[in-house]
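Residues per chain, in single letters:
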Amino acid sequence: MTSDLNVSAAARSFEIDGEFIEAQPYGSGHINDTYRLFFKNGGAPFCNILQRINHNIFKNPEALMQNVERVTAHLATIVADEPDWRRRALRLIPARDGRGWHVDAAGNHWRAYRFIERARTYDAVESTEQAFQAGRAFGRFQQQLAGLPAPRLHDTIPDFHHTPKRFTALEQAIAADTAGRAALAKAEIDFALAHKPMASVLLDAKLPERVTHNDTKFNNVMLDDVTGEGICVIDLDTVMPGLAPYDFGDMVRTTTSPAMEDERDLRKVTMQFPMFEALVRGYMSSAGEFLTREEKALLAFSGKLITFEIGTRFLTDYLAGDTYFKVHREGHNLDRCRTQFKLVESIEEQEERMNRLVESLA
Ligand code: ADP
Ligand code: GN1
Ligand code: MG
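Caption draft 1: Quick look at the coordination of the magnesium ion (ligand 3). Around the magnesium ion (ligand 3), the protein supplies Asn220 (OD1) and Asp235 (OD) as donor atoms, at distances of 2.1 to 2.2 Å. Residue asparagine 220 is located in the loop between β8 (210-212) and β9 (221-224), and its partner aspartate 235 is located in the loop between β10 (230-233) and β11 (240-242); the two are separated by 15 residues in the primary sequence.

Caption draft 2: Broad picture of helix α10 (residues 299-320). The end-to-end C-alpha separation of α10 is 31 Å, in line with the 32 Å expected for 22 residues at 1.5 Å each. Counting buried residues along α10, 21 of its 22 residues qualify, which places the element largely inside the surrounding structure. Just past α10, the residue glycine 321 takes up positive phi, approximately 95°.

Caption draft 3: Layout of the site of ligand 1. Around ligand 1 there are 17 residues in total, and Gln51, Arg114, Ile116, Thr121 and Asn220 lie nearest to it. Arginine 114 places a polar main-chain atom, nitrogen or oxygen, 3.0 Å from a nitrogen atom of ligand 1. Asparagine 220 is positioned with one of its side-chain polar atoms (N or O) 3.0 Å from an oxygen atom of ligand 1. A majority-of-atoms criterion places ligand 1 in the largest pocket. Those elements giving two or more residues to the shell around ligand 1 turn out to be β3 (44-52) and β6 (109-114).

Caption draft 4: Focus on the site of ligand 2. With respect to spatial proximity, 17 residues lie near ligand 2, and among them Asp215, Lys217, Glu261, Arg313 and Tyr324 are the closest. Note that an oxygen atom of ligand 2 is positioned 2.8 Å from one of the backbone N or O atoms of histidine 30. Tyrosine 324 is positioned such that a nitrogen or oxygen atom in its side chain is 2.5 Å from an oxygen atom of ligand 2. Relative to its free-state accessible area of 450 Å², ligand 2 is covered by the protein chains to the extent of 97%. At a threshold of 2 Å from the grid points, most atoms of ligand 2 map onto the largest pocket. Ranked by residues supplied to the shell around ligand 2, first place goes to α10 with 3 residues.

Caption draft 5: Representation of the nonpolar core in the model. Core analysis: the biggest nonpolar cluster contains 96 residues, and Phe248, Phe276, Leu315 and Leu319 have the highest contact counts within it. Take this core: its biggest share by element is 11 residues, from α10. Per-domain counts for this core show at least three residues from each of domain 1 (4-117) and domain 2 (128-361). Setting aside residues up to four positions removed in sequence, leucine 319 forms contacts with Leu170, Ala173, Ile174, Asp177, Thr178, Ala179, Arg181, Ala182, Ala185 and Ile189. Listed in part, the 14 residues of the second largest apolar core include Val7, Phe20, Leu37 and Phe39.

Caption draft 6: Just the domain arrangement of the protein chain, in detail. When the domains of the protein chain are assigned, the result is domain 1 (4-117) and domain 2 (128-361). For domain 1 versus domain 2, the distance between C-alpha centres works out to 26 Å. The interface is formed by 27 residues belonging to domain 1 together with 33 residues belonging to domain 2. With both sides pooled, the region where domain 1 packs onto domain 2 buries about 2,600 Å², and carbon together with sulfur makes up 58% of that total. Interface area lost by domain 1 to domain 2 is led by His30, Asn67 and Arg70, which between them contribute 26%. In this assembly, domain 1 and domain 2 are joined by 4 salt bridges. Among the secondary structure elements, those contributing two or more residues to the side of domain 1 that touches domain 2 are α2 (61-79) and β6. Counting residues per element, the side of domain 1 that touches domain 2 draws most heavily on α2, which supplies 12 residues. When its residues are assigned to classes, the side of domain 1 that touches domain 2 shows 14 nonpolar, 8 polar and 5 charged.

Caption draft 7: Representation of the side chain of histidine 102 in the model. Tracing the backbone through its elements, the reader meets histidine 102 in strand β5 (residues 102-103). Apart from residues no more than four positions distant in its own chain, histidine 102 is found in contact with Ala10, Ser13, Phe14, Ala95, Asn108, His109 and Trp110.

Caption draft 8: Seen up close, the sheet that holds strand β7 (residues 119-120). With respect to topology, 3 strands assemble into an open sheet ordered β7-β9-β10, the strand pairing being antiparallel. In this open sheet, the two edge strands, each paired with only one partner strand, are β7 and β10. Relative to β10, β9 runs antiparallel, the two sharing 3 bridges. Pairing of leucine 223 across the sheet is with glycine 230, part of β10. Docked against the sheet, helix α3 (residues 128-145) engages β9 and β10, running at close to 45° with respect to β10.

Caption draft 9: Representation of the pattern of salt bridges in the model. Scanning the entire structure with this criterion turns up 28 salt bridges. The salt bridge involving arginine 52 is made with aspartate 33; its shortest N-O contact spans 3.1 Å. Taken together, the residues arginine 52 in strand β3 and aspartate 33 in strand β2 (residues 33-41) connect sequence positions 19 residues apart. With its nearest N and O atoms 2.8 Å apart, the salt bridge here joins lysine 186 to aspartate 190. In this pair, lysine 186 and aspartate 190 both sit in helix α5 (residues 186-194), 4 residues apart, roughly one turn of the helix. Looking at lysine 186, the relative accessible area reads 52%, which means it is exposed. One salt-bridge network, held together by shared partners, links Glu82, Asp84, Arg87, Arg88, Arg140, Asp224 and Glu229.

The rules we used
Per chain, residues are indexed from 1 in the order of the written sequence. The order in which chains are written sets their letters, starting at A; the order in which ligands are written sets their numbers, starting at 1. Reporting in this predicted model follows two pLDDT cut-offs: at least 70 for local features of residues, and 80 or more for side-chain atom pairs to be given and counted; totals over whole chains, interfaces and linings ignore these cut-offs and use all residues. Think of the side-chain values as coming from all heavy atoms in the structure, minus any hydrogens and water. Metal coordination here is assigned from N, O and S atoms located within 2.8 Å of the ion, or within 3.2 Å for Na, K and Ca; omission of water means that sites may look incomplete. Numbering goes from the N terminus for both helices and strands, where a helix is a DSSP run of H or I of at least four residues and a strand is a run of E of at least two. A helix is expected to reach a length of 1.5 Å times the quantity of its residues less one. The cut-offs for exposure are 20% and 50% of the maximum accessible area for each residue type, with area from a 1.4 Å probe on protein chains only; residues under the lower value are buried, those over the upper are exposed, and the others partly exposed. Nearness of a residue to a molecule or strand requires only that one of the residue's heavy atoms be within 4 Å of it. Counted as a polar contact is a pair of N or O atoms within 3.5 Å, where, for protein atoms, one must be capable of donating a hydrogen and the other of accepting one, and residues adjacent in sequence contribute only when both atoms are in side chains. In this analysis a 1.4 Å probe is tested at points of a 1 Å grid over the protein atoms alone, and where it fits but cannot get out there is a cavity; an open set with protein on both sides within 12 Å along at least five of seven lines is a pocket; lining residues have an atom within 4 Å of a point. Put plainly, a molecule is in a cavity or pocket when over half of its atoms are within 2 Å of the grid points there. For accessible areas, the Shrake-Rupley method is used with a probe of radius 1.4 Å. Any residue's cover is judged against the shown protein chains and nothing else. Nonpolar cores were defined as sets of buried Ala, Val, Leu, Ile, Met, Phe, Trp, Tyr and Cys residues, with membership established by side-chain atoms within 4.5 Å. As annotated, the domain borders come from an automatic or database domain assignment. The criterion used for residue contact is that any of the two residues' heavy atoms lie within 4.5 Å. Defined in terms of a 1.4 Å probe, buried area is the accessible area two parts forfeit on being brought together, summed over both. Criterion for a salt bridge: a side-chain nitrogen of Lys or Arg within 4 Å of a carboxyl oxygen of Asp or Glu. Three classes are used, and their members are as follows: Ala, Val, Leu, Ile, Met, Phe, Trp, Tyr, Cys and Pro are nonpolar, Asp, Glu, Lys and Arg are charged, and the others, Gly among them, are polar. Paired strands, in this sense, are two strands between which DSSP finds at least two bridges. Axes here refer to lines fitted to C-alpha atoms; in helices the fit is confined to the stretch in contact. Angles between the N-to-C directions go from 0 to 180 degrees.

Written as structure tokens, this is what we have:
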């Protein structure tokens, strides 16, 4: 976390009319620092979102912000005629120097967004309707960005969903055993090694490159407080060229199990078929028209693959001594890895049935 003084200074660097009151750490992301900013203007309180980009992970924050500017500008033109346009696409607030972001004296990159009112995110899914809404919103997001004018977006993290390279990174972390933890994770390492053959399946399938979100966690879509509609996709740092099934897969990973990503009671981690069905229906309702037959055929598999990929990344980080994902307790990354691998198993048990459902709906 950055010091409070830096946060306040950053908050005052954006074109916001009103008196800045305070900044509170916000959300549960693993990478960036997010704050909810409180202001008042003539007595009326209002909020905005402020984020510091983690430049240890996003090595080129300027390129990242150029992507975000282009994506938000494009989405703004699409929602412009809707009555609720203010809440239907993220809106950047310009910095006082006229740029789309602010760079502080220490070289940190900050951005601010208008606060989306009367909506919220959830870390765990509570109903099939929510799963449907997530699928629909992320499918619509892909469909909207299919029309993004050239040039190609920057790769904000190269090979982000290159599962074979993620696997190689794990093998290197096992060999190096920097933190001396390999012996504590023997079962998880064995599980990963046994699943190596599936790592390259999506990349080998010759699927079309699209503009994808690449971090379609359930808590990256805002649901309306009253109607429950998925109104706005957020967290645009990894929007870049990618494969549609990886996006769908991360929805399976984060909406079908009732457990939190770091749940320690693995009995709670399970792929709930009704959630999967709702998710597929929601996604098909917005993405069904543009997806190819090959992409659709890989939807159930994609859930298994990305859950394996993210589990692999948590395990790699555990072995490396927790240098990538924020951790809040001893063994946090190992706990996260365990939930992922448990979910992989649960998907394996139900994969045939999942495939039959996708076939019947596609
Ligand atoms: P992280 O990378 O930390 O996950 P997010 O961009 O997902 O960052 O934001 C973290 C949380 O902040 C989100 O889960 C959401 O609840 C809230 N949030 C983000 N952007 C907005 C916004 N424009 N309006 C209201 N809440 C927001
Ligand atoms: C990270 O920043 P956050 O929490 O939305 C990670 C994702 C992982 C996710 C696992 C840039 O996302 O790839 O799927 O944690 N983001 C990055 O919860 O690595
Ligand atoms: Mg997020």
